[in-house]
Amino acid sequence: MKKNGMNAAVRATVRVGIYTGAKVYFVHEGYQGLVDGGDNIKLATWESVSMMLQLGGTVIGSARCMDFKERWGRLKAACNLVKLGITNLCVIGGDGSLTGANQFRTEWSELLLDLTKEGKITADEAKRSSHLNIVGMVGSIDNDFCGTDMTIGTDSALHRIIEVVDAITTTAQSHQRAFILEVMGRHCGYLALVTALACGADWVFIPEMPPEENWEQHLCKRLITQRERGSRLNVIILAEGAQDRHQKPITCDQVRNLVSKKLGFDTRATILGHVQRGGTPSAFDRILGSRMGVEAVMALLEATPETPACVVSLSGNMAVRLPLMECVQVTKDVTKAMAEGRFEDAVNLRGKSFQHNWNTYKMLAHVNPPDVKSNINIAIINVGAPCAGMNAAVRAAVRVGIIQGHQMLAVYDGFDGLVNGQIEPITWSQVSGWTGQGGSNLGTKRHLPGKNIEEISLNIAKFNIHSLIIVGGFEAYLGGLELITAREKYEELCIPMVVIPATVSNNVPGSDFSIGADTALNTITTTCDRIKQSAAGTKRRVFIIETMGGYCGYLATMAGLSSGADAAYIYEEPFHIHDLELNVEHLIEKMKTSVKRGLILRNSNANDNYTTQFLYNLYSEEGKGTFDCRMNILGHMQQGGTPTPFDRNFGTKMGSKSVLWVTDKLKECYRHGRIFANTPDSACVLGMKKRSLLFQPLTSLKDDTDFEHRIPKTQWWMRLRPILKILAKYDAIEIDTSEVAAMEHIIKKTGEIKGGKMLNK
């Protein structure tokens, strides 16, 4: 099947392969091309993967192949590979393709024996190709492959779905309606579940977790409650494989008839179908594809006949290698668990990320606020520059707080609002529809508490605030530090606090990602795509583009990866006259090839003297007669826009997690009828670190922070910079393999896996 983001993986595999000195071949039309051979297996060149990043689907074609399922088909395929001396196979596909690849590898030596006997290959040829290495990359939009957090193409599919949901919800606001949306996912509810979270749906039907008996009444009751709370719109998301407890399918029509007949609501149903597979791949998928492509080449180069076939995948934010057959096995176990009605097991086997999504959804959609209130007041504030996804975090925090029985307070206009007492209770229905809204509805300012600490502490006492949730960028972190430092003097500040990183710059210490960065990245990438298209038409043109981010080079680097830039200048990696000279020469050489265009990114504060204008002047002068230049400063459009699915979900998870943490902290800090929190761990940053969401004391992050330049001292994405250079055809680049992904097991039980040579201790 075609999946978005596959091209990024193909491009990276080809270029890194060529870079390491390997010969890389394209196999066109999937396994069918492997069987048919001839022109279907072609040598790939550097230029043959140019302009591929922004294309959906897969450039080399893919096909479901019957011949490869037969032994004679695999025999022909083996013969074609041996003749070309190919001993490493990189397969991008779903569990069917990957299982097929493993079978091919297992019987490789038998196939070679047969071919030698039949005289199709010589003994020498057989010896040269004595074993086959296989590495898989998972490309399947419904993310149904166990062991992977995100498969290539899932994020792009979510982009398509959310575009449709947003369009539908705006029309529905004007009429009172119920909408039912069917998304892809025959055996896996991932897309449906994440869509439901991202649009704040009232109900979701997924195959792993069928609804309780007599769900029809529950659903109707739920929709009525939402209407009574003032909601004009009900959204129901349904995975195409939705089923009830007795494994009878639940269809779109069935739900529509129920709602319209039983409640008399005006009800519309939309089946999304193949729209979800199309369109341009998202920035996340391009970077994921590129990272996986690099990892796949590394895995192949390090493979021995003894290492099991592996899948490269992303867990949290880390590239990992997993034994292919274990992943296939667990994927089968899920199907089995569902068939046997062990639904809890099915959800658990899907992995941590799926469980978190399910629990967050369940809490936000199915728990009613308690009758007994907790008498706790939690205030929420936005600090710093606005970014997409802030509102999603606020909405989730407000609703989870209300579900916990707390009163939620909104502070308007940042710390200024805390100083001036712009603080009001915020209710359940006030935040409805906020998930998909960009910017900051509470209003946000860059001002820090500074000299106004006294007014702040007076207002904390006056409004009886027991805890503070600060959503924002580097200022949110700094402001939090100021408040803790002032605890010695002002007892009112001895309350639990949590900072949720939200800024396009992604420069908050204690987190690999911040809310808003993904949306900004997609905005930059889309713009770069358009600019590249213009350059491809005019030929011999180099574009110099300035991105936001202050001193943090995250946006420039990641946008460079996702739009295929020739260079990305950033503050964290100093560059000098010699580097600039190299870059210019590199572009002059590039203009001699068939790819006659260049894209240079520069982070806004990359260098005080080598400004964007300076670079433009330099490239214009040096490129005279070879290429001409244009300059674009992207500016504030990078802060706006509708939040991407990633930012909506990240915001939703962070918002709800922070309130649950605060609730526990308040119980710990309750002494003699009052709250008193002054330990370092009572004021934390909630951040994504490698593989999980962690709470880290603000004070513990001080050592790793460069306060002058407002960035963390160590930044994980710096390790991706060499990939950017290799993909842009620079030589002699050191790849940082210090965190090389070791093979990890995902099956914990002992005993052998059938068909594999893998023993788990």
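Up top is the structure these notes are about.
Residues numbered from 1 in each chain as written. Predicted model: local features only at pLDDT ≥ 70, side-chain atom pairs only at ≥ 80, totals over all residues. Heavy atoms only, no water.

Student: I'd like a description of the overall build of the protein, backed by residues and values.
Tutor: Along its length, the protein carries 24 helices and 27 strands. Its C-alpha atoms give the protein a radius of gyration of 27 Å, within 12% of the compact-globule value 27 Å for 761 residues. C-alpha atoms of the protein, sized along the principal axes, occupy 90 × 70 × 50 Å. Residues classed as buried in the protein amount to 59% of the 761 residues present. For the protein, the share of sequence-separated contacts (at least 6 apart) that also reach a separation of at least 24 residues comes to 78%. With an accessible surface of roughly 30,300 Å², the protein has 52% of that area assigned to carbon and sulfur atoms. Between the centroid of the 84 positive side chains of the protein and the centroid of its 79 negative side chains there is a distance of 4 Å. (Helix = DSSP H or I, 4+ residues; strand = E, 2+ residues; numbered from the N terminus. Rg over C-alpha atoms; globule rule 2.2 N^0.38 Å. Buried < 20%, exposed > 50% of the residue type's maximum accessible area, 1.4 Å probe, protein only. Contact = heavy atoms within 4.5 Å. Areas by Shrake-Rupley, 256 points an atom, 1.4 Å probe, with all protein chains shown as cover. Lys, Arg positive; Asp, Glu negative; His and termini not counted. Charge placed at Lys NZ, Arg CZ, Asp CG, Glu CD.)

Student: Outline the pairing of strand β14 (residues 467–472), listing residues and values.
Tutor: Remember that side chains alternate between the two faces of the sheet whenever the strand is regular. The buried fraction of β14 is high, at six of six residues. Side-chain alternation along β14 places S467, I469 and V471 on one buried face and L468, I470 and G472 on a second face that is also buried. Pairing of strand β11 (residues 377–383) with β14, which is carried by six bridges, proceeds in the parallel orientation. Following the sheet pairing, N382 is matched in β14 by V471. Here β14 runs beside strand β15 (residues 497–501); their pairing, made up of five bridges, is parallel. What sits directly across from L468, in β15, is M497. The parallel pair β14 and β15 is bridged by helix α18 (residues 474–485), and the resulting crossover is right-handed. (Pairing = 2+ DSSP bridges. Right-handed = clockwise from strand over helix to strand, strands pointing away.)

Student: Account for the environment of L634, naming residues and giving values.
Tutor: With respect to the secondary-structure elements, L634 resides in the loop between β19 (628–633) and α23 (645–668). Separated by 111 residues in the primary sequence, L634 and T523 place their C-alpha atoms 9.5 Å from one another. Residues within four places of L634 in sequence aside, it is in contact with I524, T527, I545 and E546.

Student: An account of the environment of M209 is needed here, citing residue identities and associated values.
Tutor: Checked against the element boundaries, M209 lands in the loop between β6 (203–205) and α9 (215–228). Other than its neighbours up to four places away in sequence, M209 contacts R245, F343, E344, V347 and W358.

Student: Go over the pattern of salt bridges, please, and point to the residues and values.
Tutor: Going through the model one piece at a time under the given rule, you end up with 32 salt bridges. As a salt-bridge pair, R630 and D628 come within 3.8 Å of each other at their nearest N and O atoms. Residue classification places R630 among the partly exposed positions, given a relative accessible area of 35%. Within the structure, one salt-bridge network assembled from shared partners comprises K336, E340, R342 and D345. (Salt bridge = Lys/Arg side-chain N within 4 Å of Asp/Glu carboxyl O.)

Student: Pulling in residues and values, what's your account of the packing of helix α8 (residues 190–199) against α23?
Tutor: Working note: a packed helix pair is described by the angle between its axes plus the distance between those axes. With their axes 9 Å apart at the nearest point, α8 and α23 run at an angle of 75° to one another. The pairing of α8 with α23 is recorded here as roughly perpendicular in orientation. For the pair α8 and α23, the contacting residues are V194, L197 and A198 in the first and R648, N649 and T652 in the second. Residues of the contact of α8 with α23, tallied by class, amount to three nonpolar, two polar and one charged. (Axes fitted to C-alpha atoms, helices over the stretch in contact; angles between N-to-C directions. Parallel < 35°, antiparallel > 145°, perpendicular 65-115°, else oblique. Nonpolar A, V, L, I, M, F, W, Y, C, P; charged D, E, K, R; others polar.)

Student: I'd love a proper account of the nonpolar core, names of residues and values included.
Tutor: Grouped together as the largest cluster of nonpolar side chains are 146 residues, with contacts concentrated most on F205, L219, I237 and V255. The leading source of residues in this core is helix α11 (residues 283–302), at eleven residues. Discounting residues that sit within four places of it in the chain, F205 has contacts with A192, P211, W215, L219, I236, I237, L238, A239, A242, I250 and V255. In this structure, A77, A101, L324 and C327 belong to the second largest nonpolar core, which totals 36 residues. (Core = buried A, V, L, I, M, F, W, Y, C linked by side-chain atoms within 4.5 Å.)

Student: If you had to explain the packing of aromatic side chains to someone new, which residues and values would you point to?
Tutor: Per the counting criterion, the structure on display carries 20 aromatic pairs. Here Y31 and F68 contribute two aromatic rings whose centre-to-centre distance is 4.0 Å and whose plane-to-plane angle is 10°, an arrangement assigned as stacked. Highlighted residues: Y31 in helix α2 (residues 30–36) and F68 in the loop between β2 (41–43) and α3 (71–84), separated in sequence by 37 residues. Each member of the pair, Y31 as well as F68, is classed as buried. With 5.9 Å between their ring centres and 35° between their planes, F575 and Y610 make a pair best called tilted. With F575 in the loop between β17 (567–569) and α21 (577–590) and Y610 in the loop between β18 (597–603) and α22 (612–622), this pair connects stretches of sequence that are 35 residues apart. Exposure class is identical for F575 and Y610. Each is buried. (Phe/Tyr/Trp six-rings, centres within 6.5 Å; stacked < 30°, edge-to-face > 60°.)

Student: Explain unusual backbone geometry to me, and be specific about the residues and the numbers.
Tutor: Glycine aside, the phi torsion of most residues is negative, and most peptide linkages are trans. In this model, E29 sits at a positive phi of 60°, which is unusual for a non-glycine residue. Along the chain, E29 falls in the loop between β1 (25–27) and α2.

Student: Before we move on, can you summarise helix α5 (residues 108–117) with the specific residues and values?
Tutor: Among all positions of α5, only W108, L111, L112 and L115 are buried. Projected down its long axis, α5 shows its buried positions confined to an angular sector of 100°, all on one face. What points out from α5, more than 90 degrees from its buried face, is the exposed set L113 and K117. Tucked inside the fold, the buried residues of α5 contact α3, α4 (95–106) and α6 (123–128). Positioned one or two residues after α5, G119 has a phi angle of 75°, which is positive. (Arc of directions from axis to C-beta.)

Student: An account of the environment of V584 is needed here, citing residue identities and associated values.
Tutor: When you line up the elements, V584 lands in helix α21. For V584, a relative accessible area of 5% puts it in the buried group. Counting along the chain gives 423 residues from V584 to I161, while the straight-line C-alpha distance between them is 42 Å. When sequence neighbours within four positions are dropped, the list of residues in contact with V584 reads L618, Y619 and E622.

Shape descriptors only; they carry no functional weight alone.
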